[in-house]
Amino acid sequence: MTDVSTGVLHTLFHSDQGGHEQVVLCQDRKSGLKAVIAIHSTALGPALGGTRFYPYANEEAAVADALNLARGMSYKNAMAGLDHGGGKAVIIGDPDRDKTEELLLAYGRFVASLGGRYVTACDVGTYVADMDVVARECRWTTGRSPEHGGAGDSSVLTAYGVYQGMRASAQHLWGDPSLRGRTVGIAGVGKVGHHLVEHLLAEGAEVVVTDVRQEAVGRISDRHPQVRVAADTDALIRVEGLDIYAPCALGGALSDESVPVLTARVVCGAANNQLAHPGVEKDLADRGILYAPDYVVNAGGVIQVADELHGFDFDRCKAKAAKIFDTTLAIFARAKDDGIPPAAAADRIAEQRMHEAATAPGR
């Protein structure tokens, strides 16, 4: 008999790790679509989160990722002050090979079938043009192009929020929010990372980058020859004199292998789920490394797509994203007062907001 004690169904129904309200498995044989939509919470409002298109090793890995990402979105939306719960969708496949208009339209129909309980947007492997296609079948779609009534690329404000998180980290650790003269290492200079490079260089920071895609690195080098390039992430995190490490690719960057060799004093990046497993946040604290919780500092994008539902205004969104500076400082202060790592402090604040919403009169 198969042991399901560590399987995805156990995770789904285990309140500490799961506690999700709904998980939908989607299949459209004609287009080849195989997708998972996970809704973690609607306590604060309709679940909001992007669609990831990724070649998972197997279906169980896809479900596990959807569950984990959806839970993270609940916390991110709560900390961003949005009236949205957390959800996420993953499409199983290679976006370069498997993505078709027919498949995206089929996906849109599945999202629409939820009647607004889940609002989708872009994520790894999906882009503004893809959301324009999905929106043809589903009105609960954000991250669309301005030509189709949307706000466009959300990575612009995601990078801006991470930049504000870095400034708050500098204020907390060094007593000055300026990043001038600081050395920042960025792992992943794709949709978000390359915008982050621009913010840092404009302020006078020294920047070191790496990316598994040479074309992404080449784009940065061509535009900014002064930016140094590390061979890979393992080399980047060992760079001498590194002040801030910014993981901006996929999750799990902070692990039992990477944390002991990190030279940076601060970790603040755009990637989701940077902590490879529970307990890593304590390892960082024990080494005196300040961790700016990922779902707090990378919330600029979700702030943008949420605003799109109400008539997008960039200046209004940028002002909201700028508040990530204050939110990050408040988390550091709560962590100090409670004697816990910043990641735990952020969780407590988010959980308090969700609990208050779920138990409010009239719910």
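**With respect to the overall build of the chain**
Of the regular secondary structure elements, the chain holds 15 helices and 12 strands. The C-alpha atoms of the chain give 20 Å as radius of gyration, which agrees with the globular expectation for 363 residues (21 Å, within 12%). Here the chain holds 363 residues, and 54% of them are scored as buried. Taking contacts inside the chain between residues at least 6 apart in sequence as the whole, the part at least 24 apart equals 65%. Per element, the accessible surface of the chain, about 15,800 Å² overall, is 50% carbon and sulfur. Taken as two groups, the 35 positive and 46 negative side-chain charges of the chain have centres that lie 3 Å from each other.

**What to know about unusual backbone geometry**
For Asn273, which is not glycine, the phi torsion reads 50° and is therefore positive. Along the polypeptide, Asn273 turns up in the loop between strand S11 (266-267) and helix H10 (280-286). A relative accessible area of 22% places Asn273 in the partly exposed class.

**Thoughts on the pattern of salt bridges**
Enumeration over the complete set of coordinates arrives at 20 salt bridges. Measuring nitrogen to oxygen at the nearest pair gives 2.7 Å for the salt bridge that ties Arg52 to Asp123. In this pair, Arg52 sits in strand S4 (residues 51-54) while Asp123 sits in the loop between strand S6 (118-119) and helix H5 (128-134), placing the two residues 71 residues apart along the sequence. In this pair, the class of Arg52 matches that of Asp123, namely buried. The closest approach of N and O atoms between Asp98 and Arg97, which form a salt bridge, is 2.9 Å.

**Points about the packing of helix H2 (residues 59-79) against helix H15 (residues 342-358)**
Where H2 meets H15, the axes come as close as 9 Å, and the angle between the chain directions of the two elements is 85°. Judged by the inter-axis angle, H2 sits roughly perpendicular to H15. Counting all contacts with H2, which are made through Ser74, Tyr75, Asn77, Ala78 and Met79, the residues of H15 involved are Ala346, Asp347, Ile349, Ala350, Glu351, Arg353 and Met354. Residue composition of the contact of H2 with H15, grouped by class: 7 nonpolar, 2 polar and 3 charged.

**Looking at the pairing of strand S10 (residues 244-247)**
Covered by surrounding structure in S10 are Ile244 and Ala246 together with Tyr245 and Pro247, the residues of both alternating faces. Pairing analysis gives 4 bridges linking strand S7 (residues 183-187) to S10, with the strands arranged parallel. Residue Ala187 lies in a different strand from S10, and its bridge partner there is Pro247. Here S10 pairs with S11 via 2 bridges, running parallel. Paired with Ile244 across the strands is Val266, a residue of S11.

**Focus on the sheet that holds strand S12 (residues 290-291)**
Spatially, 6 strands are ordered S9-S8-S7-S10-S11-S12 in an open sheet, and the strand pairing comes out parallel. Two strands bound the open sheet, and with one partner strand each, they are strand S9 (228-229) and S12.

**Focus on the pairing of S7**
Of all 5 residues making up S7, 5 are buried, and the element is well covered by its neighbours. Across the two faces of S7 the burial is the same, with Thr183, Gly185 and Ala187 and Val184 and Ile186 all buried. In this structure, S7 lies alongside strand S8 (residues 206-210), joined through 5 bridges in parallel fashion. Looking at S8, one finds that Val184 is bridged to Val207. For the handedness criterion, the β-α-β arrangement of S7, helix H7 (residues 193-203) and S8 is classed as right-handed.

**Topic: the nonpolar core**
Ranked by internal contacts, the top residues of the largest apolar core, which has 67 residues, are Tyr107, Met166, Ile186, Leu196 and Leu200. Of all the elements, helix H6 (residues 155-174) adds the most residues to this core, at 7 residues. Apart from the residues lying within four places of it in its own chain, the contact partners of Leu196 are Ala159, Val162, Tyr163, Met166, Ile186, Ala246 and Cys248. Of all hydrophobic cores here, the second largest spans 18 residues; its members include Ala230, Val259, Ala264 and Leu284.

**Looking at a nonpolar patch on the surface**
Residues Tyr54, Val124 and Leu250 make up a contiguous nonpolar surface patch of about 210 Å² in total accessible area. Here Tyr54 shows up in strand S4.

**Quick word on the side chain of Lys76**
Topologically, Lys76 is positioned in helix H2. Buried Lys76, no salt bridge; nearest opposite-charge side chain is Asp123, N-O distance 6.7 Å. Sequence-distant contacts of Lys76, that is, excluding residues within four places in its chain, are made with Asn272, Tyr295, Asn298, Ala299 and Val302.

**A word on the packing of aromatic side chains**
Tallying each qualifying case throughout the model produces 4 aromatic pairs. Note on Tyr75 and Tyr295: the rings are 5.8 Å apart at their centroids and 70° apart in plane angle, and the pair reads as edge-to-face. Taken together, the residues Tyr75 in helix H2 and Tyr295 in helix H11 (residues 294-297) connect sequence positions 220 residues apart. Residue Tyr75 shares its accessibility class with Tyr295, and that shared class is buried. Note on Phe312 and Phe314: the rings are 6.4 Å apart at their centroids and 70° apart in plane angle, and the pair reads as edge-to-face.

**Let's talk about the environment of Glu206**
Position of Glu206 relative to the elements: it lies in strand S8. In this structure, the C-alpha to C-alpha distance between Glu206 and Ile220, residues 14 residues apart in sequence, is 14 Å. Residues within four places of Glu206 in sequence aside, it is in contact with Arg182, Thr183 and Val184.

Reading guide: rules and limits
- Residues numbered from 1 in each chain as written.
- Predicted model: local features only at pLDDT ≥ 70, side-chain atom pairs only at ≥ 80, totals over all residues.
- Heavy atoms only, no water.
- Helix = DSSP H or I, 4+ residues; strand = E, 2+ residues; numbered from the N terminus.
- Rg over C-alpha atoms; globule rule 2.2 N^0.38 Å.
- Buried < 20%, exposed > 50% of the residue type's maximum accessible area, 1.4 Å probe, protein only.
- Contact = heavy atoms within 4.5 Å.
- Areas by Shrake-Rupley, 256 points an atom, 1.4 Å probe, with all protein chains shown as cover.
- Lys, Arg positive; Asp, Glu negative; His and termini not counted.
- Charge placed at Lys NZ, Arg CZ, Asp CG, Glu CD.
- Salt bridge = Lys/Arg side-chain N within 4 Å of Asp/Glu carboxyl O.
- Axes fitted to C-alpha atoms, helices over the stretch in contact; angles between N-to-C directions.
- Parallel < 35°, antiparallel > 145°, perpendicular 65-115°, else oblique.
- Nonpolar A, V, L, I, M, F, W, Y, C, P; charged D, E, K, R; others polar.
- Pairing = 2+ DSSP bridges.
- Right-handed = clockwise from strand over helix to strand, strands pointing away.
- Core = buried A, V, L, I, M, F, W, Y, C linked by side-chain atoms within 4.5 Å.
- Patch = residues over 30% accessible without salt bridge, like charges linked within 9 Å, V, L, I, M, F, W, Y side chains within 5 Å.
- Phe/Tyr/Trp six-rings, centres within 6.5 Å; stacked < 30°, edge-to-face > 60°.

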